[in-house]
Amino acid sequence: DVIVHEGNPADSTIVPEIIERHKKHYKKAPDAMVFDGSYQSNDNRELLQNAGVGTISFTKEKNIPHSTTTEKCLRFFRSGIEASISMLKRMFGWTRVMDEGWHSFVNTLKAGAIAYNLFLLARVKLKA
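All values reported here derive from a predicted model rather than from experimental measurement. (Residues numbered from 1 in each chain as written. Predicted model: local features only at pLDDT ≥ 70, side-chain atom pairs only at ≥ 80, totals over all residues. Heavy atoms only, no water.)

## Observations concerning the side chain of Asn 44
Thought 1: Relative to the helices and strands, Asn 44 resides in helix α2 (residues 42-51).
Thought 2: The buried category is assigned to Asn 44, whose relative accessible area is 3%.
Thought 3: Once residues lying within four places of it in the same chain are set aside, the contact partners of Asn 44 are Ser 12, Val 15, Pro 16 and Tyr 39. (Helix = DSSP H or I, 4+ residues; strand = E, 2+ residues; numbered from the N terminus. Buried < 20%, exposed > 50% of the residue type's maximum accessible area, 1.4 Å probe, protein only. Contact = heavy atoms within 4.5 Å.)

## Let's talk about the pattern of salt bridges
Thought 1: Summed over all chains, the structure comprises one salt bridge.
Thought 2: Across the pair Lys 28 and Asp 31 runs a salt bridge, and its minimum N-O distance is 3.3 Å.
Thought 3: Of the residues examined, Lys 28 reaches a relative accessible area of 45% and is grouped as partly exposed.
Thought 4: The class of Asp 31 is exposed, set by a relative accessible area of 58%. (Salt bridge = Lys/Arg side-chain N within 4 Å of Asp/Glu carboxyl O.)

## With respect to unusual backbone geometry
Thought 1: The backbone of Lys 27 sits at a positive phi, close to 65°, despite the residue not being glycine.
Thought 2: Taking relative accessible area as the criterion, Lys 27 reaches 70% and is therefore assigned exposed.

By themselves, these are just geometric observations and shouldn't be taken as functional.
What follows is the structure, given as structure tokens:
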């Protein structure tokens, strides 16, 4: 799934869209979510809790109310996401999009995401 925003919306305003998209695709709220520290706000925490998210973690957050094991798992998951973004930049052209116009920009990002997913599927198939 790729969401491309026009402009630069505040990270704290994106959470409602993320929850709705997840519910649309999976018919329920996620069991656990981890976010960058810039997403941290009382409104977002309340929104996530009301949506039914069980465990919520914001990076660099103090006084974490859940277990250390859960926190580590969520942080490792987030690290994997960061690695995926890095690979998209290096291998699939997300560093600089040369096409002109918004439509071309969005299509280039989506094509890169599809190529990345196909690459991962092929890598998993080769291991099997």
